[in-house]
Amino acid sequence: MATENKRAVVLLSGGLDSATVLAIARTEGYDLYALSFSYGQRHIVELEAARRVAASVGVADHRIAKIDLRVFGGSALTGDFAVPKGRTADQMSHDIPITYVPARNTIFLSFALAWAEVLGSSDIFIGVNALDYSGYPDCRPEFIEAFERMANLATKAGVEGRQGLRIHTPLIALTKAQIIARGIALGVDYGLTSSCYDPGASGEPCGQCDSCLLRQKGFRENGIADPLAYSGNCSRKRTKVDPAGLRSD
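Thresholds applied
- Residues numbered from 1 in each chain as written.
- Predicted model: local features only at pLDDT ≥ 70, side-chain atom pairs only at ≥ 80, totals over all residues.
- Heavy atoms only, no water.
- Pairing = 2+ DSSP bridges.
- Helix = DSSP H or I, 4+ residues; strand = E, 2+ residues; numbered from the N terminus.
- Axes fitted to C-alpha atoms, helices over the stretch in contact; angles between N-to-C directions.
- Buried < 20%, exposed > 50% of the residue type's maximum accessible area, 1.4 Å probe, protein only.
- Contact = heavy atoms within 4.5 Å.
- Salt bridge = Lys/Arg side-chain N within 4 Å of Asp/Glu carboxyl O.

**Student:** How should I be thinking about the sheet that holds strand S5 (residues 166-168) in this particular structure?
**Tutor:** Each strand in a sheet pairs with its neighbour through backbone hydrogen bonds, running either in the same direction (parallel) or in the opposite one (antiparallel). Taken together, the 5 strands give an open sheet; going across it, the order is S3-S2-S1-S4-S5, and neighbouring strands pair in parallel fashion. In the strand order of this sheet, the two ends are held by strand S3 (61-66) and S5, each with one partner. Looking at each pair of strands side by side, their axes are set apart by 25° on average, direction ignored. Sheet topology note: the strand S2 (residues 30-38)/S3 ladder contains 6 bridges and is parallel. Bridging from a neighbouring strand, Tyr33 pairs with Asp61 of S3.

Written out as structure tokens, the structure is:
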């Protein structure tokens with residue numbers, strides 16, 4: 001457990017995983033400093049979700065850093081490429097998809113490191129996952145371990161011995177179903193979140209991109225409905241989920 005009033009920077013995209021991580025950091029006793037990014041992503045609606053999630057938890061501060069990764073492109077999330085739809089779990093597990101944003105987690109963690117140094121924090125939380133992660137190389141444990149080693153060499157606070165940075169990855173070895181079960185047990189309202197890579201004009205999720213499919217699979221495996229209304233099924237109302245409704249198997 002963290003000591004009283006210990007600060008943590010939590011990377012908050014507005015998606016399911018990062019909302020769960022925010023709740024986990026809260027239960028561990030940290031004062032929460034949420035960091036989101038406006039980086040030229042096509043699914044900019046996720047930032048509104050991040051604001052909703054941060055407000056629901058009551059973070060100490062929520063910052064949105066503006067960077068434009070469209071200057072590099074190379075991804076369906078920041079360029080004029082089609083977002084893959086309808087892929088099977090087997091297809092997702094074999095190739096790094098075009099939705100991969102080059103070096104995104106390296107960039108995001110670098111910003112988090114800078115803010116942590118200013119705050120006097122030694123703790124960064126990120127919702128990376130090495131199981132249901134769509135093949136992204138910067139979600140693997142070896143990447144996180146390497147970045148943590150580098151981070152402890154990279155700052156004035158580190159050199160002076162005032163910061164022994166730790167990157168927390170509480171979801172890294174969990175399936176999407178396990179993540180959802182953990183979040184519901186912690187009271188996360190997943191109806192506030194947004195996971196879709198290619199949402200409609202009103203922000204409704206497409207239901208067919210990798211992120212939507214993995215999310216829906218996780219809810220199905222828990223035996224409960226996703227509280228979001230998907231394209232073609234917009235009559236579904238957003239409801240909170242009772243932890244007692246989860247399957248035990």
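There's plenty left to go through after this.
**Student:** Would you take a moment to explain the side chain of Ser38 for this structure?
**Tutor:** For Ser38, the position within the fold is in strand S2. On the accessibility criterion, Ser38 (19% relative accessible area) is buried. Aside from chain neighbours lying at most four places away, what touches Ser38 is Ile44, Leu47, Ile64, Ala65, Lys66 and Ile67.

**Student:** Would you take a moment to explain the pattern of salt bridges for this structure?
**Tutor:** Oppositely charged side chains may form a pair once their charged atoms are brought near each other. Here the structure, examined in full by the defined rule, presents 11 salt bridges. Two residues, Arg63 and Asp61, come together in a salt bridge whose shortest N-O distance is 2.7 Å. When the shortest N-O distance is used, the salt bridge between Glu142 and Arg140 registers 3.6 Å. In this structure Glu142 comes out as partly exposed when scored by relative accessible area, which is 44%. Through salt bridges with shared partners, one network takes in Arg42, Lys85 and Asp198.

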